[in-house]
Number of protein chains: 2
Amino acid sequence: LISVSVDAMGGDHAPGEIVAGAVRFLRDGGSDAEGVRLLLVGDPGAIRAALADHGASEDDRLVIVPASEVVAMDEHPMEAVRRKPGSSLCVSARLVGDGTASATVSAGNTGACMVAAIQLIGRIPGVSRPAIGTAVPVMGGTTLVVDAGANVDCRSSHLVQFAVLGSLYAQAVMGIPEPKVGILSNGEEAAKGNELVKETRPLLEQSNLRFVGSIEANHLMEGEADVVTCDGFVGNVFLKSIEGMARLALSVVGDCARAAPENAGIADAARALFKRVDYSEYGGAPLLGIRGVSIIAHGRSKAPAMRNAIRVAAQAAKADYVSRVEAAFAGQKDSA
Amino acid sequence: LISVSVDAMGGDHAPGEIVAGAVRFLRDGGSDAEGVRLLLVGDPGAIRAALADHGASEDDRLVIVPASEVVAMDEHPMEAVRRKPGSSLCVSARLVGDGTASATVSAGNTGACMVAAIQLIGRIPGVSRPAIGTAVPVMGGTTLVVDAGANVDCRSSHLVQFAVLGSLYAQAVMGIPEPKVGILSNGEEAAKGNELVKETRPLLEQSNLRFVGSIEANHLMEGEADVVTCDGFVGNVFLKSIEGMARLALSVVGDCARAAPENAGIADAARALFKRVDYSEYGGAPLLGIRGVSIIAHGRSKAPAMRNAIRVAAQAAKADYVSRVEAAFAGQKDSA
């Protein structure tokens, strides 16, 4: 049995929607849910009440782990983890750190999730900087962008590690045997790129990754690579840009529907589709490079997003993503 | 009379659509076209034929300037300018450099336009690095992003200069008396940002610009600033990201319309609107910081885009943007 700890108190809609997502995963998760036990971490009374709302109760696959405190969404990450070791967020991470669980999911304070994962679960030896992966909807599929914001100033060796972490994740969890790996740049040619990209390209060419070269952001959106590496500053700009443009496009389509009420149906459909492409509310982002699976879900997550995040956590644990990374980084010099 | 030179041979649809745009500007440009003379640069026979297609001919406001060569879209910019001094692209720039024209517009090779502008028109003293401004459609308006790709690796002093160049442009051409200026970052807080952003923020705070702080890309799309400064690498990632997302959104809406044919009308409307928000085909991008107005139009430009680009060039020339920049940079140390 694989255990996944779930921070039942983290996120804007905790504990109700978090618990609802957990219940749905176990009920409707099919083979993904087979052999998976969920540890719901938080206030036992509140969790029990939320379970009751869905006609569920504690059993051998749905276990409540008490935690007395809650980390707020706007708390300073380092301080929160230091001052609230008994918080649901920290207890969830520690369950992975001590080997009780293989994976953890939280929709709580993103920074605190990262700090807790690094401090309480730990880096995999050889990984300099754990990074956030984000699965972005592109033409005809999904592309994993690493780093999505954890590491703002990077060296070329970091970008190579992000590429390795992402490629292994795409193999283990996204079901892509030989992921195409690109580096985000301002043009496809080798002569393009900033200094960091120009330094990193030859290292990626020499690696055993399936490196397909530099990729411009518009071509990323056309699905030219399965995994794209970049520093966390550029990753944030990319992700927030597409989020902003999606919202602008939605507003344009909405205006259009209001102008021609007989066409209102398509605006609803477009809105539904946009919800699907709104990566930030769909599933969660894996924190890559730590000694356990850690999925950070969006603070706005409701039950469907939580169910997806738990599914991804279970998949990564079953595919033994962490062992694959340990094997790949074995013998690498351990330097931050 | 203000003269604007137009590279009639530059772009995918030259000379037909270029000449058509020039004719339309003079015919339908209203007050924007008053007091403006266009110098159409290129093969006189081809230009005359294109004019005839629109029932137009050479006169005192539509003058043909012969140029014997054409720079191809894929030529190496530096080499093209060096090897083809008699090209329409170079002659157009030189007409500004020698004072014959106040502004120039080209839909040709972007890199070559930049090289020609810097070499044949020249930098304004004190401006370290001329930069490209791009007007991006945002919620409720337009935001000018500087640098859109000319300068990939930048120092903080460059980003401050981009902010000044953009702010003056917003005042002179976009009609915004006190433009709000932001810096593109991965969060609004002062503690966020990469090293370059953190170095630049205090300089912007000390400047006499109306600095509104760090802006994340999604908030840029919500119209939080009139001008946003960033290095050209990040600017390219931002612009190509929103372009890619707009195309993905368009494809989603198109699928939606095909699934419900009775709603096809709205897909057409959405497509029309997306055309409007497709900044890359609309108008042109000013090259800021040179001793004349230089507008670089997209290679795919057709007549409406060219008319817009010529209008922007005429506006900038009439508002004497260049003198404003010269005044602002007077006495600044001239260092690249």
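This text follows the structure it describes.
Below you will find a few notes about this structure. (Residues numbered from 1 in each chain as written. Chains lettered and ligands numbered in written order. Predicted model: local features only at pLDDT ≥ 70, side-chain atom pairs only at ≥ 80, totals over all residues. Heavy atoms only, no water.)

### Details of the sheet that holds strand β1 (residues 2-7) of chain B
Residues and elements named next belong to chain B. What the eleven strands build is an open sheet, ordered β3-β2-β1-β4-β11-β10-β5-β6-β9-β7-β8; its pairing is mixed. Single-partner strands in this sheet number two, and they are β3 (62-66) and β8 (210-215). Strand after strand, the sheet turns through a mean of 25 degrees between neighbouring axes, direction not considered. As paired strands, strand β5 (residues 131-138) and strand β6 (residues 141-146) are joined by six bridges and run antiparallel to one another. Bridge pairing in β6 links Val138 to Gly141. Against the sheet, helix α7 (residues 195-206) touches β7 (180-184), β8 and β9 (227-229), its axis set at about 160 degrees to β8. (Pairing = 2+ DSSP bridges. Helix = DSSP H or I, 4+ residues; strand = E, 2+ residues; numbered from the N terminus. Axes fitted to C-alpha atoms, helices over the stretch in contact; angles between N-to-C directions. Contact = heavy atoms within 4.5 Å.)

### Considerations on helix α11 (residues 303-318) of chain A
All names here are of chain A. Across its 16 residues, α11 extends 22 Å between first and last C-alpha, which sits within 8% of the 22 Å expected from 1.5 Å per residue. Those residues of α11 that fall on the buried side of the exposure criterion are Ala303, Ala305, Met306, Asn308, Ala309, Ile310, Val312, Ala313, Ala314, Ala316 and Ala317. Positive backbone phi, approximately 55 degrees, marks Asp320, located one or two places after α11. (Expected span 1.5 Å × (residues − 1). Buried < 20%, exposed > 50% of the residue type's maximum accessible area, 1.4 Å probe, protein only.)

### Focus on the packing of aromatic side chains
Residue and element names in this part refer to chain A. One pass over the structure, following the stated rule, counts two aromatic pairs over all chains. With a centroid separation of 5.4 Å and an interplanar angle of 85 degrees, the aromatic rings of Tyr169 and Tyr321 are classed as edge-to-face. With a gap of 152 residues between them, Tyr169 in helix α6 (residues 156-172) and Tyr321 in helix α12 (residues 321-329) connect regions that are remote in the sequence. One exposure class covers both Tyr169 and Tyr321, and it is buried. (Phe/Tyr/Trp six-rings, centres within 6.5 Å; stacked < 30°, edge-to-face > 60°.)

### Remarks on the pairing of strand β4 (residues 103-106) of chain B
All names here are of chain B. Along β4, one buried face is formed by Ala103 and Val105 and the opposite face, lined by Thr104 and Ser106, is buried too. Bridge analysis of β4 against strand β11 (residues 293-297) gives four bridges, and the strand direction is parallel. Within β11, the residue paired with Thr104 across the bridge is Ser294.

### Considerations on helix α2 (residues 44-53) of chain B
Residues and elements named next belong to chain B. Within the sequence span of α2, burial applies to Ile47, Ala50 and Leu51. The buried residues of α2 occupy an angular sector of 100 degrees when the element is viewed end-on, so they sit on one face. Those residues of α2 that are exposed and aimed more than 90 degrees away from the buried face are Ala52 and Asp53. Downstream of α2 by one or two residues, Gly55 has phi in the positive range, about 65 degrees. (Arc of directions from axis to C-beta.)

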